[in-house]
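Architecture and fold: a report
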Amino acid sequence: MKFNTKTIHGKQQHDPSTGAVMTPIYQTSTFAQSSPGVHKGYEYSRAANPTRTALENALAAIENGTHGFAFGSGLAATDGILKLLKAGDEVIAMDDLYGGSFRMFTRIYQNFGLKFSFVDMTRPENILAKITPQTKLIWVETPTNPLMKIVDIKLVCDLVKDKGIMVAVDNTFASPYLQNPLDLGADIVMHSATKYLGGHSDVVAGAVVVKDESLAEKIHFSLFAGGGILGPQDAYLILRGIKTLHVRMQRHCENGMKVAEFLKTHPKIGQLFFPGLIEHPNHEIAKKQMKGFGGMVSFNFKSGKKEDAFRFFERLKIFTLAESLGGVESLANHPASMTHASIPIEIRTEQGISDDLVRLSVGIEDADDLLADLEQSLD
Ligand code: P1T
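Residues numbered from 1 in each chain as written. Predicted model: local features only at pLDDT ≥ 70, side-chain atom pairs only at ≥ 80, totals over all residues. Heavy atoms only, no water.

Here we take up the overall build of the protein. The secondary structure content of the protein amounts to 14 helices and 12 strands. Burial statistics for the protein: of 379 residues in total, 54% are counted as buried. Within the protein, contacts between residues at least 6 apart in sequence are counted, and of these 73% link residues at least 24 apart. Placing the 39 positive and 43 negative side-chain charges of the protein at their respective mean positions leaves the two points 2 Å apart. (Helix = DSSP H or I, 4+ residues; strand = E, 2+ residues; numbered from the N terminus. Buried < 20%, exposed > 50% of the residue type's maximum accessible area, 1.4 Å probe, protein only. Contact = heavy atoms within 4.5 Å. Lys, Arg positive; Asp, Glu negative; His and termini not counted. Charge placed at Lys NZ, Arg CZ, Asp CG, Glu CD.)

All right, on to helix α10 (residues 245-264) then. If you check α10, its first and last C-alpha atoms are 28 Å apart, about what 20 residues at 1.5 Å a residue would give, namely 28 Å. L245, H246, R248, M249, H252, C253, N255, G256, V259, A260, F262 and L263 are the residues of α10 that are buried. (Expected span 1.5 Å × (residues − 1).)

Here the focus is the packing of α10 against helix α14 (residues 367-378). Direction vectors running N to C along α10 and α14 enclose 30°, while the axes themselves pass 10 Å from each other. Classified by the angle their axes make, α10 and α14 are roughly parallel. Considering how the two elements wind past one another, α10 and α14 form a crossing that is right-handed. Packed against α10, whose contacting residues are N255, K258, V259, F262 and L263, the element α14 presents A367, L370, L371, L374, E375 and L378 at the interface. Looking at the contact of α10 with α14 residue by residue, the classes come out as 8 nonpolar, 1 polar and 2 charged. (Axes fitted to C-alpha atoms, helices over the stretch in contact; angles between N-to-C directions. Parallel < 35°, antiparallel > 145°, perpendicular 65-115°, else oblique. Left-handed = near helix turned anticlockwise from the far one by under 90°. Nonpolar A, V, L, I, M, F, W, Y, C, P; charged D, E, K, R; others polar.)

To continue, consider the sheet that holds strand β10 (residues 320-321). Pairing in this open sheet of 5 strands is mixed, and the strands run β8-β9-β12-β11-β10 from one edge to the other. The outermost strands of the open sheet, each flanked by one partner alone, are β8 (269-273) and β10. Sheet analysis places strand β9 (residues 296-301) next to strand β12 (residues 358-361), joined by 4 bridges and oriented antiparallel. In the strand pairing of β12, M296 is matched with S361. Along the sheet, α10 makes contact with β8, β9 and β12, crossing β9 at roughly 15°. (Pairing = 2+ DSSP bridges.)

For the rest of this paragraph, the subject is the packing of helix α2 (residues 50-62) against helix α9 (residues 232-242). The interhelical angle for the contact between α2 and α9, taken along N-to-C directions, is 35°, at an axis separation of 8 Å. By crossing handedness, the relation of α2 to α9 is classed as left-handed. Contact residues: α2 offers T51, R52, A54, L55, A58, L59 and I62, while α9 offers P232, A235, Y236, I238, L239 and I242. Residue composition of the contact of α2 with α9, grouped by class: 11 nonpolar, 1 polar and 1 charged.

With that out of the way, let us pick up the sheet that holds strand β3 (residues 115-119). Read from one edge to the other, the open sheet built from 7 strands follows the order β1-β7-β6-β5-β4-β2-β3, with strand pairing classed as mixed. Each edge of the open sheet carries a strand with a single partner, namely β1 (67-71) and β3. Each strand of the sheet is rotated relative to its neighbour by a mean of 20°, with strand direction disregarded. By the bridge criterion, 5 bridges tie β1 to strand β7 (residues 206-210) in an arrangement that is antiparallel. Considered in β7, the bridge of F71 is made with G206. Sheet contacts for helix α4 (residues 99-107): β2 (90-94), β3 and β4 (135-141); angle to β3, the most-contacted strand, approximately 145°.

Turning our eyes to something else, we now look at the domain arrangement of the protein. If you check the domain split of the protein, you get domain 1 (3-242) and domain 2 (247-378). Centre-to-centre separation of domain 1 and domain 2, based on C-alpha positions: 26 Å. Scanning the region where domain 1 abuts domain 2 turns up 1 salt bridge. Of the charged contacts, one joins K288 and D152 as a salt bridge, the two residues approaching to 2.8 Å between their closest N and O atoms. In this assembly, domain 1 and domain 2 are joined by 19 residue pairs in polar contact (both at pLDDT 80 or more). (Domains from an automatic or database assignment. Salt bridge = Lys/Arg side-chain N within 4 Å of Asp/Glu carboxyl O. Polar contact = N/O pair within 3.5 Å; in protein donor to acceptor, adjacent residues only side chain to side chain.)

The next thing to look at is the site of the ligand. As a structural note, the neighbourhood of the ligand is formed by 19 residues, with G74, D170, T194, S324 and R359 the closest of them. Contacts to the ligand include G74, whose backbone N or O atom sits 2.9 Å from an oxygen atom. Between the ligand and the protein, one listed contact pairs a nitrogen atom with a side-chain N or O atom of D170 at 2.7 Å. Here the ligand loses 93% of its free accessible area of 470 Å² to cover by the protein chains. Of all elements in the fold, only α3 (74-82) and β6 (188-192) reach the threshold of two or more residues within the shell around the ligand. Its residues assigned to classes, the shell around the ligand shows 6 nonpolar, 8 polar and 5 charged. Here the shell around the ligand spans two domains, and each of domain 1 (3-242) and domain 2 (247-378) adds at least three residues to it. (Near = heavy atom within 4 Å. Areas by Shrake-Rupley, 256 points an atom, 1.4 Å probe, with all protein chains shown as cover.)

Judged by nonpolar contacts, the single largest core of 62 residues is most densely connected at L55, L197, I238, L263, F312 and L360. Broken down by element, the residue count for this core peaks at 7 residues, all from α10. When near neighbours in sequence (up to four residues on either side) are disregarded, F312 contacts F299, F301, V358, L360, L374, S377 and L378. (Core = buried A, V, L, I, M, F, W, Y, C linked by side-chain atoms within 4.5 Å.)

In this section: the pattern of salt bridges. Tallying each qualifying case throughout the model produces 13 salt bridges. Salt-bridge contacts for E279 lead to K264; the nearest nitrogen and oxygen are separated by 3.1 Å. You can see E279 sitting in the loop between β8 and α11 (283-289) and its partner K264 sitting in helix α10, a full 15 residues away along the chain. Taken together, the salt bridges that share partners define one network made up of K86, D89 and K136.

Time to look at the pairing of β2. Most of β2 sits inside the fold, with 5 of its 5 residues counted as buried. Both β2 and β3 contribute to a ladder of 5 bridges, which runs parallel. Each bridged residue has a counterpart across the sheet, and for I92 the counterpart in β3 is S117. Considered for its hand, the β-α-β crossover made up of β2, α4 and β3 is right-handed. Pairing of β2 with β4, which is carried by 4 bridges, proceeds in the parallel orientation. Looking across to β4, one finds that E90 is bridged to T135. (Right-handed = clockwise from strand over helix to strand, strands pointing away.)

Structural data, given as structure tokens:
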């Protein structure tokens, strides 16, 4: 089955009890048993719920995995993965990544005895330099949030193959339409389903997909025993969103490219971060491992002034200044004070998350209107 069919039909069935074409919202916490332990496959909704099962099957289908898991948020999904580790284990993580992931790693799990090193994985030799016998997980994010670096997933997986180290990829920015990390050798793929999977900025959710039976059992245990599940209403919304993922992503990619091309020639723009541009340092890798370049574009100002960024945000009319991304509507974000404020300023500055950095989530509106909005605001 091709991807554009899988988003709608992948591992889906009509509701077995009624024939309902769309999976109903099973708003129930518990399920009747005819004798202790005798039931129709469901006991208690923290363990499994039919609406969540339908979503988890859809997630597995579009990420080419065998098992999907739906968590209450992207961070709950990350948390569910980290719970596979134990004190003394070491994690090598991408240096540029969502601020909330960095905050969880350094302010929660470090206190529980995990050790984290952050390296620029666009140079894979940086990973090799940090591997020790205690290394158990490589945490890749690509494209990265907010600087749009691209990591060669297959190269990283090949590097640690046979070393007993798992590779997890946060695939939020690409979405499964553009890239399938499990096909490139990753063990785990994770999403903030709040973003492109949901697609309408109306739900917070997380996803994990694996292709290995014993890893699936461990993730299910982490979800079930840790309790960070997604409720049935939210599971329904993500399932509904996935059905149009391929159509939305095509337009996100088209509009993202148009916005990047426009910004490239604008005299006030300094650095532009978009993997679809031939000038992007990782463009060739992006071309190799992604089906398109997505709708996320970051840039800073030639002036280097925070005030210029703030004036730009305040004058936007169609782009909304807000956290998050991946919805049908265009958003603008100031990473330094919003999504990445939890990263200490010295690390932020070293990474290049400057005070004049702007991150755009380009939506699926008419591109002419988006370009006109950027132009009037920059002028
Ligand atoms: O917000 P939540 O659903 O918990 O997802 C966390 C998360 C994980 N990974 C990546 C790459 C993300 O971008 C996010 C959430 N990011 C934003 C809210 C943002 O505006 O960047």
